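Residue-level structure breakdown
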Amino acid sequence: QQPVQSPQAVILREGEDAVINCSSSKALYSVHWYRQKHGEAPVFLMILLKGGEQKGHEKISASFNEKKQQSSLYLTASQLSYSGTYFCGTEMGTGRRALTFGSGTRLQVQP
Amino acid sequence: DTEVTQTPKHLVMGMTNKKSLKCEQHMGHRAMYWYKQKAKKPPELMFVYSYEKLSINESVPSRFSPECPNSSLLNLHLHALQPEDSALYLCASSRPGGSRSYNEQFFGPGTRLTVL
């Protein structure tokens, strides 16, 4: 089942902060975050596992609320290079090691 | 080498053609994936191979036929495609992992397929 992402689109000025949310109606094993620039492949940003472990970029942080099956990606002091479409991918705790991606959040950072 | 390569970058084919997409990685990953991505949409999972065996087929039409000849290579054979199959086809790889493992996926640049 596809996770729900919000907002659908965000426009920021350089230096501003943004939060992107991802929620699922099913119990999750992990949440992945990827950024895709126009015409390019998705690039891994962050993974959060059930139980609190996480791995990702130093300048990007995220949280995973297991009770609510929600994850949030925090982009602070945004840079022009942060522009792109952000996808969360969720993995169910069923041993099925495959991701279902949310519909994406288009982020545009302006000078 | 932390790269997933895909060939060709672009492919135009007719509905009666047979063609193949190729994906290669040398990171020692033992899970490989095919995704289909339409414009302004998220990647949609098609197939997953784990240790060279097909582990997930997301009810993909038989005109798409995956193949994993070895742990570094993944092919997608195409035959009798429809215009609605035009999309970006992405390959990815990851460590298959066990419990409590990170299995971030590394994506290739994709093949832009147009079916006429």
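Conventions we followed
Residues numbered from 1 in each chain as written. Chains lettered and ligands numbered in written order. Predicted model: local features only at pLDDT ≥ 70, side-chain atom pairs only at ≥ 80, totals over all residues. Heavy atoms only, no water. Helix = DSSP H or I, 4+ residues; strand = E, 2+ residues; numbered from the N terminus. Buried < 20%, exposed > 50% of the residue type's maximum accessible area, 1.4 Å probe, protein only. Contact = heavy atoms within 4.5 Å. Buried area = accessible area lost by both parts, 1.4 Å probe. Salt bridge = Lys/Arg side-chain N within 4 Å of Asp/Glu carboxyl O. Polar contact = N/O pair within 3.5 Å; in protein donor to acceptor, adjacent residues only side chain to side chain. Nonpolar A, V, L, I, M, F, W, Y, C, P; charged D, E, K, R; others polar. Pairing = 2+ DSSP bridges. Axes fitted to C-alpha atoms, helices over the stretch in contact; angles between N-to-C directions.

1. Things to note about the side chain of Gln 69 of chain A
Residues and elements named next belong to chain A.
- Secondary-structure assignment places Gln 69 in the loop between β7 (60-65) and β8 (70-75).
- A relative accessible area of 14% means that Gln 69 is categorised as buried.
- Setting aside its immediate chain neighbours within four residues, Gln 69 contacts Cys 22, Ser 23, Ser 24, Lys 26, Ala 27, Leu 28 and Phe 64.

2. Overview of the interface of chain B and chain A
- Chain B puts 27 residues into the contact, and the matching count from chain A is 25 residues.
- For the chain B and chain A pair, buried surface summed over both sides reaches about 2,100 Å², with 51% attributable to carbon and sulfur atoms.
- In this structure, the connection of chain B to chain A is made through 0 salt bridges.
- Along the contact surface separating chain B from chain A lie 3 residue pairs in polar contact (both at pLDDT 80 or more).
- Top element by residues in the side of chain B that touches chain A is strand β4 (residues 31-37) of chain B. It accounts for 3 residues.
- Partitioning the side of chain B that touches chain A into residue classes produces 13 nonpolar, 8 polar and 6 charged.

3. Here's the deal with the sheet that holds strand β1 (residues 4-6) of chain A
Residue and element names in this part refer to chain A.
- In space, the 4 strands of this open sheet follow the order β1-β3-β8-β7, with antiparallel pairing throughout. In the strand order of this sheet, the two ends are held by β1 and β7, each with one partner. Within the sheet, the average angular offset between the axes of one strand and its neighbour, ignoring direction, is 15°.
- Examined bridge by bridge, β1 and strand β3 (residues 18-23) share 3 bridges and lie antiparallel to one another. By the bridge assignment, Val 4 is partnered in β3 with Ser 23.

4. Concerning the pairing of strand β8 (residues 73-79) of chain B
Residues and elements named next belong to chain B.
- Of all the 7 residues making up β8, 5 are buried; the element is thus mostly covered by neighbouring parts of the structure.
- Two elements, strand β3 (residues 18-25) and β8, share 7 bridges in a ladder whose sense is antiparallel. Following the sheet pairing, Leu 21 is matched in β8 by Leu 76.
- Relative to β8, strand β7 (residues 64-70) runs antiparallel, the two being bridged by 5 bridges. Pairing of Ser 65 across the sheet is with His 77, part of β8.

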